[in-house]
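# Analysis of the macromolecular model
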Amino acid sequence: MVGELITPVFWLGIMGLIFGGGLAYASTIFAIEVDEKVPMIRGVLPGANCGGCGFPGCDGLAAAIVAGDAPVNACPVGGANTAKKVAEIMGLNADLTDRKVARVLCNGKNENCTEKFIYYGVKDCKEAMIASGGSKGCQYGCMGLGTCERICPFDAIHVTADGIAVVDPEKCTACGKCIDACPKFIISLVPASKGVHVDCSSKDKGKDVKDVCTVGCIGCQICVKNCPEKTISFANNLAKIEYAGCTECQICVQKCPTKAINSQLKKLDEAANS
Amino acid sequence: MDIKHSTFKGGIHPSYQKELTKNKVLRPVSPPETVVIPMSLHIGAPCNPMVKKGDLVKVGQRIGEPNGFVSVPIHASVSGEVISVEPRLHPNGQKVMSVVIKNDMQETISEEVKAKGDIDSLSPQEIKDIIFNAGIVGLGGATFPTHVKLSPPPDKKIDFVVLNGAECEPYLTTDDHLMNEYPEKVVHGLQAMLKVLGINKGFIGIEDNKPEAIEAISKAITDNDQIEIYSLHTKYPQGSEKQLITAVTGREVPSGALPMDAGVVVSNVGTAAAISDAIKTGMPLVERIVTVTGSAVKDPQVLTAKIGTMVRDLIEECGGFSEQPEKVINGGPMMGIAQFSIDIPVIKATSGILCLNKKDAYVKEPSLCIRCGKCVEVCPVNLMPLYISEHSLKGDYDKCKSLHAMDCVECGSCSYICPAKRTLVSSIRVAKREIVANSRKGK
């Protein structure tokens, strides 16, 4: 009875040792090299696997950050604290202070901009583009049909009642999906810390802009001449603020004849009164 | 002569409305005060303007220099003074660099315009050069340069030339009038194309709702072995290139391939007539036939218009609007492009100007897909429009690609037949654009 048991137990034990040895050998030979930063970053991420970053779970995001496909602050749930820890692991501290957000560079609200025709089709910017570039009078302007709103994973961009899309800088993670989706190419990344922007993308000449929009850049270059930091450039009939040199003095905001340059900051005179 | 009958699978039978202009006499539009000639009259690179403000030009003089292989020169359609070279509104909805000429009403013909001889004495290359220099493009609507079409790569053997006289778009009678009035030009142009390609077999496909045109063309054909007429079943989109090839030759153009892969070159009858003019008189392509029709036009007409004539002038020639137009379309109702202004010029692609009143232009609010499968039944290229559209609306363009969205010919049969009035073809067009954009990005 006992002898009948000993033989199979013995052989099973031997086989177990052989297979175990094989597995141990294979795990060293076929080991996949993982950047040690990946598990470290994975450790500081929240671990909820919500997918809010647009990557497959926290593991996916950790790998993407290490591979350079995602910014260190890509986790919308963890916020600034997580971003700081991730940046430490990655050795990138500068990135944090230079957080970017998307901005729709158009202020062509319904009250400011003309319409060319009545558009009957599907309420989608890409579909409207096929119909003579959309019904908006300005061919560069935001059509307000919400393709960006639908693609944003963070609920950070909305078409307002005024008929243009506006980004909520608090929620925006600069993932770039709206930038790719916009058929007019008028969404771009701006530094979140800066408050003065040229809210116009029109490359038309001044007269053509004036015909269709009251708040468009008409290419008068008054801002270029008046900028004390000489940080406004001008090309293709459009002024552009080079954010690195901008001190937010708001002189351009005051001088712009069409109010194409906007400020989210307190107006200069208000600031003086308070 | 023996006339063969044939057709293709699928398609629809829209209300043709051709009787509005069918029996009207083709006549030239009164000379326009000014013409606006955009430097983009063809598919491919736009031309560079060769004239400047103040220059005097003559009819047929070259004013636009071609830019690249898929490009053809542009010629002045009237004589007079260039009053400006500036961006003007183009029927595509964008502003395009255009040459504006004030007509001196003298119709002075340029010295460059002279008869080139007859087909027998010209070499194939000479004919091809004449076609290129005359600025001839496909007049069916795609405006693809004809000399490119007639220059197949050496490994592609061309067996037939098929002339497209189907004119399956409702309302339009442009090609119908052309074939009735100038059948000999159509046949002569086809002979020139056969000579260029060095082959000896051509077909002319005409829908059977144009019996007079079929008769006129058969009378003009001298050599029955060389050129045959096909009477095609009246059905939309019979004039679509690939459907026409299937109907006439029985061949099918492979997915993603061009007609030349099936050994066929297809060209519009208008293009053939333009080639004939370029050889016989030397006059480049400076005018075309335009059908001005629809429920909002007082007196629908078929007019010969100089390229660059304003659409507003054309409509005035037809007595103006009978009522407020709800929609003005450049082309036919199925594939034409709705316009937001009538201050646009007639271009080489303008086969018709269709003005619809509120009742005719009414679009029902789309509702949900009921999975009836009618769009699948009518699709002439055997696609499943409902699924492509569904995935396109969700933004899943890879799935659209795997459902062969790129083979869609955008005929609009699916949108027409859809009982839920879903805008199938426009969402498929979005998918096609996105697929092309993604493949450029290398995704």
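Residues numbered from 1 in each chain as written. Chains lettered and ligands numbered in written order. Predicted model: local features only at pLDDT ≥ 70, side-chain atom pairs only at ≥ 80, totals over all residues. Heavy atoms only, no water.

### Structural notes on the interface of chain A and chain B
Each side of the interface is counted separately: chain A has twelve residues, and chain B has 17 residues. Across the chain A/chain B interface, buried area totals approximately 1,400 Å², and carbon plus sulfur atoms make up 53% of it. Linking chain A with chain B are two salt bridges. In this structure, the salt-bridge partner of E434(B) is K126(A), at a minimum N-O distance of 3.3 Å. For the interface between chain A and chain B, the tally reads three residue pairs in polar contact (both at pLDDT 80 or more). (Contact = heavy atoms within 4.5 Å. Buried area = accessible area lost by both parts, 1.4 Å probe. Salt bridge = Lys/Arg side-chain N within 4 Å of Asp/Glu carboxyl O. Polar contact = N/O pair within 3.5 Å; in protein donor to acceptor, adjacent residues only side chain to side chain.)

### A few points about helix α5 (residues 183-197) of chain B
Residue and element names in this part refer to chain B. The terminal C-alpha atoms of α5 lie 22 Å apart, and with 15 residues this matches the ideal 21 Å at 1.5 Å per residue to within 8%. Taking burial as the measure, the 15 residues of α5 include twelve buried ones, the bulk of the element. Of the positions making up α5, those classed as buried are P183, K185, V186, V187, H188, G189, L190, A192, M193, L194, V196 and L197. At the C-terminal side of α5, G198 shows a positive phi close to 65°. (Helix = DSSP H or I, 4+ residues; strand = E, 2+ residues; numbered from the N terminus. Expected span 1.5 Å × (residues − 1). Buried < 20%, exposed > 50% of the residue type's maximum accessible area, 1.4 Å probe, protein only.)

### Here we look at the pairing of strand β15 (residues 301-306) of chain B
Residues and elements named next belong to chain B. Counting buried residues along β15, six of its six residues qualify, which places the element largely inside the surrounding structure. Burial along β15 is two-sided: Q301, L303 and A305 facing one way and V302, T304 and K306 facing the other are all buried. In this sheet, β15 lies alongside strand β2 (residues 27-28) in parallel orientation, the contact comprising two bridges. Looking at the pairing, R27 lines up with L303 of β15. Pairing of strand β14 (residues 287-293) with β15, which is carried by six bridges, proceeds in the antiparallel orientation. The residue of β15 that forms the bridge with E287 is K306. (Pairing = 2+ DSSP bridges.)

### Here's the deal with unusual backbone geometry
Here the residue pair Y236(B) and P237(B) is connected by a cis peptide bond, since its omega of -5° sits within 30 degrees of zero. With respect to the helices and strands, the residue P237(B) is situated in the loop between β12 (227-232) and α7 (241-249). Even without a glycine there, the phi angle at E248(A) is positive, about 60°. Looking at where E248(A) falls in the secondary structure, it is placed in the loop between β7 (238-241) and α11 (251-255). Under the relative-accessibility criterion, E248(A) is labelled partly exposed at 23%. Even without being glycine, K259(A) reaches a positive phi, approximately 60°. With relative accessibility at 44%, the residue K259(A) sits in the partly exposed group.

### Thoughts on the pairing of strand β6 (residues 62-65) of chain B
Residue and element names in this part refer to chain B. Pairing between strand β4 (residues 48-49) and β6: two bridges, direction antiparallel. If you follow P49 over to β6, its bridge partner there is G64. As paired elements, β6 and strand β7 (residues 74-75) share two bridges and run antiparallel to each other. In the strand pairing of β7, G64 is matched with I74.

### Things to note about the sheet that holds β6(B)
The strand order across the open sheet formed by three strands is β4-β6-β7 (chain B), and the pairing between neighbours is antiparallel. Where the open sheet ends on each side, the last strands, each with one partner, are β4 and β7 of chain B.

### Notes on the environment of G47(A)
Residue and element names in this part refer to chain A. Structurally, the position occupied by G47 is in the loop between α2 (37-44) and α3 (57-67). Note on G47: relative accessible area 34%, which makes it partly exposed. In this structure, the C-alpha to C-alpha distance between G47 and V253, residues 206 residues apart in sequence, is 45 Å. What G47 contacts, discounting residues up to four positions off in sequence, is R42 and C58.

### Overview of a nonpolar patch on the surface
Residue and element names in this part refer to chain A. A contiguous nonpolar patch, built from M1, V2, I6, F10 and W11 and spanning about 620 Å² of accessible area, is present on the exposed surface. Relative to the helices and strands, I6 resides in helix α1 (residues 2-29). Given a relative accessible area of 52%, I6 falls into the exposed group. (Patch = residues over 30% accessible without salt bridge, like charges linked within 9 Å, V, L, I, M, F, W, Y side chains within 5 Å. Areas by Shrake-Rupley, 256 points an atom, 1.4 Å probe, with all protein chains shown as cover.)

Without other data, these values stay purely geometric and don't point to any function.
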